[in-house]
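Listed below, chain by chain, are the residues.
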Amino acid sequence: MALLEILESTAIVSFITFVYGAAAVLYWADWVFEKPVLSRSATWLMLIGFLGNTAGIVLRWIESHQMGIGRAPFTNLYESLVFFAWTIAILYLVIEKQYKVRSLGAFAAPLAFLALAYAALQNKAIMPLMPALKSNWLIAHVITCFLGYAAFAVAFGLAVIYLIKSRDVGLSWLAGALAGIAAAILTVIFTGYQTDAFWTLAGAGFFIGAGVALGAGFATSAVVNLVKKSDPGGKGRVNKMLPDLGVLDELTYQTILFGFMFLTAGIITGSVWANSAWGRYWSWDPKETWSLITWLIYGAMIHSRLVRGWRGRRTVYLSLFGFGAVLFTYFGVNTLLKGLHSYAT
Amino acid sequence: MNNKQPPPPPLTAVLDFFASVKLSIFLLLTVAAASVIGTLIPQEGMAEIHHPMYSPFLDAVFIKLGFFNVYKAWWFQLLLGLLALNLVVCTLKRLPITWKLVTGVTPGFSRGKFKSIKEKHEIKLNMPAQKARDAVLDVVSSRFKTVKAAEDEDGYTVYAEKGRWTRMGFYVIHLSFLLILAGALLGSLFGYSGSLNLEEGQTSQTVEVGVDRQRRDLPFAVKCERFEVKYYEGRDSVSEFTSDVTITEPGKAPWRTFIRVNHPLRLHGVSLYQASYGVSHYSGLVNVSFKNLETGEKHIVPVPISAQPTALPWDKGMIMIPSFTASLRSRDGHNMGPAVRMHIFPQEGKPEVMFMPVGRPEFARDVMGLEMAVLEGEEIVPVYYTGLKVTKDPGVWVVYSGFILILLGCMVTFFMAHQQLYIKIVPSGSGASVELGGAANKNSQGFEERVRRIAGRLEKKE
């Protein structure tokens with residue numbers, strides 16, 4: 001117990017942020033220098049990060065019990081972000097072990113790092129639970145939702161790799177534009193957007209967002225054009241290192257199926273919980289609705305693979321859109337829209 | 001000869017349209033887009049809406065389109081209906097084929113199918129062909145449900161198969177989707193949702209439903225014995241709201257139970273939820289002092305907080321204190337502390353109503369030649385009401401069975417596949433050449449890996 005008294009969960013998590021950050025740098029370095037030692041140490045760092053992340057979550061659980069208000073550590077934005085990083089890490093490690101796609105680490109590690117970095121800005125106090133949250137459904141709901149989110153995050157990373165490998169100019173234009181819009185929304189969220197001013201600023205926001213999207217789209221497609229010119233045959237080192245398009249396509253799809261199942265389970269557990277807390281299993285609350293929107297987009301994506309000739313490109317479009325919806329469900333709704341989940345901010 | 005295909009009859013064309021996957025994708029994305037509208041524009045029943053919210057023109061357009069109540073708008077319901085129809089037609093069209101495939105006879109090794117497999121693994125085993133066949137059967141039979149071996153002109157063939165039933169998985173998902181929609185419809189047609197505010201000690205057998213506050217009978221009577229708010233130790237955050245109630249069902253002895261947040265009471269298809277609470281009024285009494293300004297005599301009268309008047313001293317009339325408030329705001333916004341509302345009924349003349357602070361003799365007033373002040377109260381306690389939400393939803397179990405089925409369906413459809421493995425064993429020299437090839441209806445990469453592992457396993461058998 002002596003160790004417990006010295007180490008605080010928040011301190012561990014702050015440290016782990018840098019471990020994920022370092023892993024990200026090593027994975028990137030591996031793309032550039034392609035030295036096995038780099039990616040191998042990156043994997044080790046990722047594993048250390050994951051173990052530390054686990055310890056942080058368990059410790060926080062213990063800390064809440066020591067405070068006499070014992071509850072699962074999944075109840076506010078800080079805790080959910082720490083858990084989000086954890087789910088990304090474990091999912092990535094499993095995929096790396098199973099499919100040997102180390103190049104994916106260059107996306108998974110930074111996502112885990114960003115989640116924890118954003119967590120560092122949140123209120124870290126352990127607060128007692130309000131009565132509505134005191135339910136056994138809490139743990140099931142949070143775990144299923146976040147496994148879903150993490151799978152979609154990893155699938156997003158895979159879709160980006162697909163993009164790089166396919167060197168598709170149109171596709172990269174769209175991805176750039178989407179990234180631009182996402183960046184604009186995230187900036188708005190980070191800077192603390194006021195809900196009251198929404199409609200007055202919506203017009204301006206639309207044009208700014210469109211401008212940013214256009215710019216980002218052009219920039220990305222220009223980069224892809226440049227890459228194509230410098231390496232016309234696709235014999236370049238980076239291109240060779242990346243898995244085949246077929247493998248990437250299948251892996252993205254499998255990851256999305258995994259995410260879809262857990263998102264379904266997340267919506268269902270949330271629904272059953274809402275029915276026992278508020279007497280309605282569905283009330284079109286913005287968070288609920290946005291999780292449904294995400295579900296519908298990925299549902300459409302899964303069906304799109306049944307249409308002849310739609311694999312690959314269109315699948316990537318929809319998985320990029322889907323991840324945009326995931327980000328909005330997770331961050332956008334709490335900040336921009338009002339509803340039952342507002343405690344999470 | 002005419003090479004052109006004749007145009008399909010109209011009915012087939014319509015059916016084909018509704019059976020198309022492209023339509024499903026279009027509908028899924030349209031429902032998603034429509035749902036976005038409902039999260040950006042404030043919806044009726046979620047917040048107070050004051051028209052016009054936008055410009056009067058835009059407001060009128062939005063009202064016409066039902067944008068303030070998207071999820072109940074006819075066109076939204078129509079989209080859901082079309083999605084359901086799309087699903088039913090798809091199922092009716094494909095189910096017979098799948099059913100035949102799933103329930104049909106197990107095929108054997110098929111030369112044609114084996115030839116069409118692109119990726120095959122060939123291994124050489126250092127044993128006679130017959131032994132090689134036994135080794136193959138040994139490895140394969142523990143991994144596949146049905147295994148068929150046969151002998152043909154150039155050696156042996158083995159066909160192994162598993163998971164044929166998993167092809168039914170996606171029908172299960174679609175059926176559960178329909179179940180959820182049907183359950184929701186059932187709930188909206190035959191269910192209700194109302195509220196019931198009960199003071200401590202109060203009993204009710206009806207509930208107010210909807211905006212027009214229609215009263216509906218409950219199949220039992222609810223009496224609120226006590227309402228309690230519990231706090232976390234040493235904190236001011238609430239840990240629990242509890243209603244202590246007595247339920248009386250016709251022909252049964254009354255029984256007592258608790259209703260807490262997340263722990264509703266479910267009885268005769270009706271559910272009671274702890275939704276809100278509040279102070280309906282206070283009970284107790286206040287001491288009012290009177291000084292007769294003529295004689296200088298003093299009198300203290302205890303007046304209960306109730307609608308019952310009490311006699312004033314010296315036969316001056318009656319006094320009544322119908323309500324108490326924990327904090328009175330003065331006109332300039334000052335908090336005057338606890339106060340009472342007081343009615344004075346003189347023997348003759350008009351009654352007077354006034355607010356008097358409690359325990360503040362400096363705010364004494366002269367009434368009918370009496371100097372009156374409100375002294376400390378005694379045993380003034382709030383009487384709480386509990387706000388219960390009462391719902392009846394006969395569709396909820398249909399929805400829940402849809403929930404369970406959709407998860408099972410996802411597991412089967414996404415992560416289990418119909419796998420078929422063809423193996424050909426041909427004697428070559430003193431040993432045998434074994435060729436393996438297979439197909440799965442899902443995750444072909446994963447199945448490829450599996451075939452590779454089976455081949456590796458066989459090589460170790462030597």
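Predicted model only: the values in this text are computed from it and were never measured. (Residues numbered from 1 in each chain as written. Chains lettered and ligands numbered in written order. Predicted model: local features only at pLDDT ≥ 70, side-chain atom pairs only at ≥ 80, totals over all residues. Heavy atoms only, no water.)

Draft legend 1. Focus on the overall build of chain B. Assigned secondary structure in chain B consists of nine helices and 19 strands. In terms of overall dimensions, chain B has a C-alpha envelope of 135 × 60 × 50 Å along the principal axes. When burial is assessed residue by residue, chain B has 41% of its 462 residues classed as buried. In the form shown here, chain B has an accessible surface area of approximately 25,900 Å², with 58% of it arising from carbon and sulfur atoms. With 51 positive and 43 negative side-chain charges, chain B shows a spacing of 14 Å between the two charge centroids. (Helix = DSSP H or I, 4+ residues; strand = E, 2+ residues; numbered from the N terminus. Buried < 20%, exposed > 50% of the residue type's maximum accessible area, 1.4 Å probe, protein only. Areas by Shrake-Rupley, 256 points an atom, 1.4 Å probe, with all protein chains shown as cover. Lys, Arg positive; Asp, Glu negative; His and termini not counted. Charge placed at Lys NZ, Arg CZ, Asp CG, Glu CD.)

Draft legend 2. Summary view of the sheet that holds strand β14 (residues 339–346) of chain B. Residue and element names in this part refer to chain B. Across the sheet, which stays open at both edges, the four strands sit in the order β12-β13-β14-β15 with antiparallel pairing between neighbours. Here the strands that pair on one side only, and so sit at the sheet edges, are β12 (310–311) and β15 (352–357). The pairing of strand β13 (residues 317–325) with β14 spans seven bridges and is antiparallel. Considered in β14, the bridge of M318 is made with F345. (Pairing = 2+ DSSP bridges.)

Draft legend 3. Region of the structure containing the interface of chain B and chain A. Facing the 50 residues of chain B at the interface are 53 residues of chain A. At the boundary of chain B with chain A, total buried surface from both sides reaches about 4,400 Å², with 71% on carbon and sulfur atoms. Connecting chain B to chain A are zero salt bridges. The interface formed by chain B and chain A includes ten residue pairs in polar contact (both at pLDDT 80 or more). Secondary-structure elements contributing two or more residues to the side of chain B that touches chain A are α2 (21–40), α7 (169–190), β7 (238–248), β10 (270–292), β17 (370–392), α8 (396–415) and α9 (444–460) of chain B. Among the elements that take part in the side of chain B that touches chain A, α2(B) stands out by supplying eleven residues, more than any other. For the side of chain B that touches chain A, the class distribution of residues is 31 nonpolar, 13 polar and six charged. (Contact = heavy atoms within 4.5 Å. Buried area = accessible area lost by both parts, 1.4 Å probe. Salt bridge = Lys/Arg side-chain N within 4 Å of Asp/Glu carboxyl O. Polar contact = N/O pair within 3.5 Å; in protein donor to acceptor, adjacent residues only side chain to side chain. Nonpolar A, V, L, I, M, F, W, Y, C, P; charged D, E, K, R; others polar.)

Draft legend 4. Here's a closer look at the nonpolar core. The biggest cluster of nonpolar side chains holds 138 residues, and the ones touching the most others in it are A:Y20, A:M46, A:F84 and A:W295. Setting aside its immediate chain neighbours within four residues, A:M46 contacts A:Y20, A:A23, A:Y27, A:A89, A:Y92, A:L93, A:A108 and A:A109. Counting residues in hydrophobic clusters, the runner-up holds 24 residues, among them B:I123, B:I423, B:V451 and B:A455. (Core = buried A, V, L, I, M, F, W, Y, C linked by side-chain atoms within 4.5 Å.)

Draft legend 5. Fine view of the pairing of β13(B). All names here are of chain B. Bridge count for β12 against β13 is two bridges, and the pairing is antiparallel. Bridged to A311 within β13 is M318. The hairpin formed by β12 and β13 contains five residues between the paired strands, and W314 there has a positive phi angle of roughly 50 degrees.

Draft legend 6. Representation of the UniProt feature "domain: ResB-like" (unreviewed entry) in chain B within the structure. As recorded in UniProt, the sites labelled "domain: ResB-like" (unreviewed entry) are residues 21–351 and 375–451 of chain B. As a span, residues 375–451 of chain B carries 36% helix and 49% strand, and end to end its C-alpha atoms are 92 Å apart. (UniProt positions renumbered as here; feature names shortened; annotations may be inferred.)

Draft legend 7. Just the environment of B:M320, in detail. Residue and element names in this part refer to chain B. Here M320 is to be found in strand β13. Between the alpha carbons of M320 and P304 there is a distance of 8.0 Å; along the sequence they are 16 residues apart. The contact partners of M320, leaving out residues within four places of it in the chain, are S306, A307, Q308, P309, R341, M342, H343 and F345.

Draft legend 8. Looking closely at the sheet that holds strand β3 (residues 155–162) of chain B. All names here are of chain B. Taken together, the five strands give an open sheet; going across it, the order is β1-β19-β18-β3-β2, and neighbouring strands pair in antiparallel fashion. In this open sheet, the two edge strands, each paired with only one partner strand, are β1 (120–125) and β2 (146–152). For this sheet, the mean angle separating the axes of adjacent strands, direction not counted, is 15 degrees. Pairing geometry for β2 and β3, over seven bridges, is antiparallel. Across the sheet, A149 pairs through a bridge with V158, a residue of β3. (Axes fitted to C-alpha atoms, helices over the stretch in contact; angles between N-to-C directions.)

Draft legend 9. Structural view of the pairing of β14(B). All names here are of chain B. With six of eight residues buried, β14 is to be regarded as a mostly interior element. When β14 meets β15, the two strands line up antiparallel, connected through six bridges. Its bridge partner being in β15, R341 is matched across the sheet by F355. Connecting β14 to the antiparallel partner β15 that follows it, the hairpin turn spans five residues, and G349 within it adopts a positive phi of roughly 95 degrees.

Draft legend 10. Here's a closer look at the side chain of A:T294. All names here are of chain A. By secondary structure assignment, the location of T294 is in helix α11 (residues 286–304). T294 sits in the buried class, given a relative accessible area of 1%. Among the polar contacts made by the side chain of T294, one reaches the side chain of T329 at a distance of 3.0 Å. Look past the residues within four positions of T294 in its chain and what remains in contact with it is L263, G322, A325, V326 and T329.

Draft legend 11. Up close: the packing of α11(A) against α2(B). The geometry of α11(A) relative to α2(B) is characterised by a closest axis approach of 9 Å and an angle of 165 degrees between their N-to-C directions. Viewed along their axes, α11(A) and α2(B) adopt a mutual orientation that is roughly antiparallel. In this structure, the crossing between α11(A) and α2(B) has a hand that is left-handed. Residues A:P286, A:T289, A:W290, A:I293, A:L296, A:I297, A:G299, A:A300, A:H303 and A:S304 of α11(A) form the contact with α2(B), whose own contacting residues are B:V21, B:I25, B:L28, B:L29, B:V31, B:A32, B:S35, B:V36 and B:T39. The residue inventory of the contact of α11(A) with α2(B), partitioned by class, reads 13 nonpolar, six polar and no charged. (Parallel < 35°, antiparallel > 145°, perpendicular 65-115°, else oblique. Left-handed = near helix turned anticlockwise from the far one by under 90°.)

Draft legend 12. Layout of the environment of B:V222. Residues and elements named next belong to chain B. Structurally, V222 is set in strand β6 (residues 214–231). Residues V222 and E208, spaced 14 residues apart in sequence, show a C-alpha to C-alpha distance of 14 Å. Dropping the residues within four chain positions of it, V222 is found in contact with L196, L198, Q202, T203, S204, V245, T246, I247 and L272.

Draft legend 13. Structural context of the side chain of A:T289. Within the secondary structure layout, A:T289 lies in helix α11. Residue A:T289 is classed as buried on the basis of its relative accessible area of 0%. When residues no more than four places from it in sequence are discounted, the contact partners of A:T289 are A:W282, A:W284, B:S35, B:T39 and B:Y71.

Draft legend 14. Layout of the pattern of salt bridges. Applying the stated criterion to the full structure yields 19 salt bridges over all chains. Across the pair A:R60 and A:E79 runs a salt bridge, and its minimum N-O distance is 2.6 Å. You can see A:R60 sitting in helix α3 (residues 36–66) and its partner A:E79 sitting in helix α4 (residues 77–99), a full 19 residues away along the chain. Like A:E79, A:R60 is buried. Note that B:K424 and B:D152 form a salt bridge whose closest N and O atoms lie 3.5 Å from each other. On the criterion of sequence distance, the pair formed by B:K424 in strand β18 (residues 419–428) and B:D152 in strand β2 is long-range, its members being 272 residues apart. Of the two residues, B:K424 and B:D152, neither departs from the other in class, the shared state being buried. The structure contains a network of salt bridges with shared partners spanning B:E119, B:E449, B:R452 and B:R453.

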